[in-house]
Each structure stands twice: as structure tokens, then as C-alpha cells.
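So the chains spell out like this:
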Amino acid sequence: MALAPLLAAVLWGGMYIVSKWGFDAIPPVTLAFLRVALGAATLLGVVRFVYPTRAFSRQDWTGFGFLGVWVAVTMVTQFVGTDLTTASEGALITVLTPIFTLVFGVVVLDETLTRRNVFGMGLAVCGTGLVLAGQYDLASVGLGSLFGVLLLVLASVGWAVYTVWGKPLIRRYSALETATYSTMLAVPLIGLLVPVELAVADVALSTIPFTLPVVAAVSYLGVLSTAVAWYCWYKGLETLDAGTVAVYFFAQPVVGAGLGALLLGESVGPGFVAGGVILAGGIYLVRTARSE
């Protein structure tokens, strides 16, 4: 199942390309709502077909609700934080997500932390850093809003919580069901904030230009980087430790940089290949840590 979280990271890396298609046209919380709502609708259609008669206890729904709260927190803080910070700050803070996940996995799930895990995660951080140094202007770090930076840190914590606390439900039922119902329950929570955002920003929903590129971007965001990617992320947790799944998150910026060079003709820094190789070595060490 190692390919499942890797595919999730690849799809998230594709968001770098999609963002060029006009995300500036939609306010951040509204965009987060559209993403999660479309993702939830896609997942719900699939899960109703695969598990048409499944019933859950009140305790299970409480667990799905807890995860849904953290989906809402993560999406809102990520989108608003990204809007308030520079691209380099967002990319660097994203690196915290797998680190938080590894720590929570050890503390909450009692997963084993070996020297191989730590060294592999360290290599992955270094490799990702080399890639980011060539992709972003790191001199812009510190120029964004401090509040935006704090929101992005909270988003990293939120996704780590969603990953680790989702594992018991995934093992009890399935990745598909856990991803579906947690995402579905997040929709009204984010939806409550949309009118507030539009009122504060003095933006009317009717004035948002839903052009073909914007619709295509939202569709990618909702169907592929939410429905498919979140399912794949949780699918990895069916058989792998949270700390092992977490290391695949580092592939996201590498994929983004590679797609930018391939599809947009952007240049990549000299550290791209070296960083990618080091990152791959780190993933391999973490993935095989249980053989110690």
C-alpha cells in the first residue's frame, strides 16, 4: 500500500500547477468550502455504491465528527494562511506536517521510533529543503504575515491529527468510509464561515468569475486532490504506521517542482536532482524501518 500515499502526494504536488489557473479569483475560505464539498460528494457517491448497507454506532459518528472538525480547521487555516504568506513560507512550513505526524504516531498510537526512522525523516527534510531552495525565493521568508505563518503551522498540526486519529477508524472499517464521512461532516462547518468571509471581504458570490480554467481548477482540487488523494492517504494507513505514511508527504513539493518544469517551462535549481535522490533515500529508510 506504499503506492497509495505516494499517489496522494503526487496529486497534491499537482496543485502547484492548478493554482496557476486562477485561484486568486475565489476567496480562500470559499475555495476551501468548494474543495471539501466537491470532494465529499464524490466520496459519498462511491461509498454508497461500495458499502450500501453499512451502519455505524454513535461512538463511530463521534469519531468521524472529530476528524471532520480537524478537516475544517486544516482546510480553513491552510487556505487563509497561504493567502497571507509568501510561497516560500508556505512551502517550508508544509515540511512540519510529516514531522508532527511522526511524533503523534509515537505518542498516541505507540508506534516504534527507531534510529532508522529518525535518520530517514532527517534525510527527507534535507532533500525537500534542497528542492525548495531551487524552486522558491527563500529570501522572501519573513515577509509574510506572522498570523498567516501561525495559521499554516496549525494546518500542519491539523493534518497530522487527521492522519493519526483516523487510524483506529480506518482499521475498524475502511479508508474509504473514514475519508468519506469525516470529509462530509466538515462541509457544514466550513460552510458556516463562507457568508462571514464574503461579508467581511465585501464580495458577492455572483461576482466570482467561474471561468472554464477556474472551474477546471476547482474540479481538480475537489475530485483529485481531495476525494482521491485523501482516500489514498488513508489507504496507506490500513497497513502502514502513521510515521511511515507521513514521509511520503515530502514528495509533494518535488512533484510540484517537476511538473512546473515539465508543463510550465519553469527552471529548477541545481539542487533539484540531488534533493530528489536524498528524499528518495529518506523515504526508503523509513519505509523499511520495520525490518530492523
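Higher on the page you've got the structure.
As a starting point, this report considers the structure included with it. (Residues numbered from 1 in each chain as written. Predicted model: local features only at pLDDT ≥ 70, side-chain atom pairs only at ≥ 80, totals over all residues. Heavy atoms only, no water.)

In this section: the overall build of the protein chain. Secondary structure assignment for the protein chain yields 14 helices and zero strands. The linear arrangement of helices and strands in the protein chain, starting from the amino end, is α-α-α-α-α-α-α-α-α-α-α-α-α-α. The C-alpha radius of gyration computed for the protein chain amounts to 19 Å, which stays within 12% of the reference 19 Å derived for 292 residues, consistent with globular compactness. Considering only C-alpha atoms, the protein chain reaches an extent of 55 × 50 × 30 Å along its principal axes. The buried share among the 292 residues of the protein chain stands at 50%. Put simply, 93% of the contacts in the protein chain that link residues at least 6 apart link residues at least 24 apart. The positive charge centre, built from 13 side chains, and the negative charge centre, built from 14, are 14 Å apart in the protein chain. (Helix = DSSP H or I, 4+ residues; strand = E, 2+ residues; numbered from the N terminus. Rg over C-alpha atoms; globule rule 2.2 N^0.38 Å. Buried < 20%, exposed > 50% of the residue type's maximum accessible area, 1.4 Å probe, protein only. Contact = heavy atoms within 4.5 Å. Lys, Arg positive; Asp, Glu negative; His and termini not counted. Charge placed at Lys NZ, Arg CZ, Asp CG, Glu CD.)

Let us now look at the nonpolar core. Counting 59 residues, the largest nonpolar core has Trp12, Met75, Tyr162, Ile190, Trp230, Trp233 and Tyr234 as its most contacted members. Of all the elements, helix H11 (residues 212-237) adds the most residues to this core, at twelve residues. Each residue touching Ile190, except ones within four places of it in the same chain, is listed here: Val29, Ala32, Phe33, Val36, Ala72, Met75 and Val76. In this structure, Ala91, Met121, Val247 and Ile283 belong to the second largest nonpolar core, which totals 16 residues. (Core = buried A, V, L, I, M, F, W, Y, C linked by side-chain atoms within 4.5 Å.)

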